[in-house]
Amino acid sequence: MKNDLLAGSLESCVAQLQQQAVIAYPTEAVFGLGCDPDSESAVLKLLALKQRPVEKGLILIAADYQQLQPYLADELLSDKQRQHMFSSWPGPVSWIVPAAANTPRWLTGRFTSLAVRVSDHPDVQRLCRAFGKPLVSTSANLTGAEPCRTAAEVQAQFGADFPLLVGNTGGRLNPSEIRDVITGELIRQG
């Protein structure tokens, strides 16, 4: 007889992701909401929860660059651009990169690019490796509410039964910096 997965565990969260659920997990500064980027139904659930329009596009967070490559037009980057991006990873810098032609619109929104980050947070690393691919990542908060910085805050905003990877954030005060890899432009200060 198989034991039930322990709520809050890595295994439980991976099982939820495989069932197209939205989960919460700790990142460098706040808890993130995430889901399977290849599941339109999961992404639409996340967007509905956040009351976020699909046109804005989303960020993918990963354990390594190889997990992100299927979503990106890596061939459009120069060696210098790629090295500039890699010099900030793993870490709290998200880069706007040209998207692969087959990257779903539910990820890119109105753009031909995609925001991506290779995180140095150990829980994000473990989660993405166990799931075998990147996750959609947006701050865990309901519209108008502050982003959650603890598991207790996630449960207060989303309910005690919301799928959650129990852990601690990396302690950063600001969200990830966002830069455009092609132009070098700073989109959001970190």
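Structural data are supplied above this passage.
Each chain has its residues counted from 1, following the order in which its sequence is written. Owing to the predicted nature of the model, reporting of local features is limited to residues with pLDDT of at least 70; listing and counting of side-chain atom pairs is limited to 80 or more, with chain, interface and lining totals taken over all residues. Side-chain figures throughout are based on the complete set of non-hydrogen atoms in the structure, without hydrogens or water.

> Please set out helix α2 (residues 40-50) residue by residue, giving values where relevant.
Categorising residues by exposure relies on relative accessible area from a 1.4 Å probe, with only protein chains included: less than 20% of the type maximum marks a residue as buried, more than 50% marks it as exposed, and the intermediate range marks it as partly exposed. Going along the chain from the N terminus, every DSSP run of H or I of four or more residues is numbered as a helix, and every run of E of two or more is numbered as a strand. Here α2 has its buried residues at Ala-42, Val-43, Leu-46, Leu-47 and Lys-50. Seen end-on, α2 carries its buried residues on one side only, within an arc spanning 135 degrees. Throughout, a residue-residue contact means that at least one pair of heavy atoms, one from each residue, lies within 4.5 Å. In the core, the buried residues of α2 are packed alongside β2 (31-34), α5 (105-108) and β6 (135-139). Gln-51 sits one or two residues past α2 and shows a positive phi near 55 degrees. Note that the arc is defined by the directions from the helix axis to the C-beta atoms.

> Please set out the environment of Val-181 residue by residue, giving values where relevant.
Note that Val-181 resides in the loop between β7 (177-180) and β8 (186-188). A relative accessible area of 5% places Val-181 in the buried class. Each residue touching Val-181, except ones within four places of it in the same chain, is listed here: Leu-77, Gln-81, Met-85, Trp-95, Ile-96, Val-97 and Pro-98.

> Got a sec to walk through the pairing of strand β4 (residues 93-98)? Specific residues and values, please.
On a regular strand, one side chain projects to one face of the sheet and the next to the other, so that they alternate. Most of β4 is tucked away: six of the six residues are buried. Side chains Val-93, Trp-95 and Val-97 of β4 all project onto a buried face; the interleaved residues Ser-94, Ile-96 and Pro-98 project onto the opposite face, where all are buried too. With four bridges connecting them, β4 and β7 associate as parallel partners. Along β7, the bridge assignment pairs Ile-96 with Asp-180. Criterion used throughout: strands pair if DSSP finds at least two bridges between them.

> Can you lay out the pairing of strand β3 (residues 59-62) for me, pointing to particular residues and giving the numbers?
Here β3 shows a buried face lined by Ile-59 and Ile-61 and a second buried face lined by Leu-60 and Ala-62. For β3 and strand β5 (residues 113-118), the ladder comprises four bridges, and the chain directions are parallel. Each residue of the ladder has a partner; that of Leu-60, found in β5, is Val-116.

> How would you sum up helix α6 (residues 122-131)? Please name residues and give values.
Taken together, the buried positions of α6 are occupied by Asp-123, Val-124, Gln-125, Leu-127, Cys-128 and Phe-131. Looking at the buried positions of α6, the neighbouring elements they touch are α1 (10-18), β1 (23-26), β3, α3 (65-68), β5 and β6. Gly-132 sits one or two positions beyond α6 and adopts a positive phi of about 90 degrees.

> Which residues make up the side chain of Lys-50, and what are the values?
Position of Lys-50 among the secondary structure elements: in helix α2. The charge count includes Lys and Arg as positive and Asp and Glu as negative, but it does not include His or the ends of the chains. By convention in these notes, a salt bridge is any Lys or Arg side-chain nitrogen within 4 Å of a carboxyl oxygen on Asp or Glu. We note that Lys-50 is buried and unpaired, the nearest opposite charge coming from Glu-146 at a distance of 11 Å. Pairing of N or O atoms within 3.5 Å defines a polar contact, subject to two protein rules: one partner must be a possible hydrogen donor and the other a possible acceptor, and residues neighboring in sequence count only if both atoms are side-chain atoms. Polar side-chain contacts of Lys-50 include one of 3.0 Å to the side chain of Asn-141. Dropping the residues within four chain positions of it, Lys-50 is found in contact with Leu-33, Thr-138, Ser-139, Asn-141 and Thr-143.

> If you had to explain the packing of α1 against α6 to someone new, which residues and values would you point to?
The relative placement of two packed helices comes down to the angle between their axes together with the axis-to-axis distance. Axis lines are fitted through C-alpha atoms, for helices just across the contact stretch, and the angle between N-to-C directions can take any value from 0 to 180 degrees. One can describe the packing of α1 onto α6 by two numbers: an axis separation of 10 Å at closest approach and a directional angle of 50 degrees. In terms of their interaxial angle, α1 and α6 are classed as oblique. Helix-helix and strand crossings are classified by hand; for α1 and α6 the assignment is right-handed. For the pair α1 and α6, the contacting residues are Leu-10, Cys-13, Val-14, Leu-17 and Gln-18 in the first and Arg-126, Leu-127, Ala-130 and Phe-131 in the second. Here the contact of α1 with α6 is built from residues that sort into seven nonpolar, one polar and one charged. With respect to orientation, any angle under 35 degrees is reported as roughly parallel, any angle over 145 as roughly antiparallel, any angle of 65 to 115 as roughly perpendicular, and every other angle as oblique. Throughout, a crossing is termed right-handed when the near helix is turned clockwise from the far one, and left-handed when it is turned anticlockwise from it by less than a right angle. Amino acids outside the nonpolar list (Ala, Val, Leu, Ile, Met, Phe, Trp, Tyr, Cys, Pro) and the charged list (Asp, Glu, Lys, Arg) are all regarded as polar, and Gly is one of them.

> Mind laying out the sheet that holds β5, listing which residues take part and the relevant values?
Taking strand neighbours across the sheet as the criterion, the eight strands line up as β1-β2-β6-β3-β5-β4-β7-β8 in an open arrangement whose pairing is mixed. Unpaired on one side and paired on the other, β1 and β8 mark the two borders of the sheet. Pairs of neighbouring strands in the sheet enclose a mean axial angle of 40 degrees, with direction left out of account.

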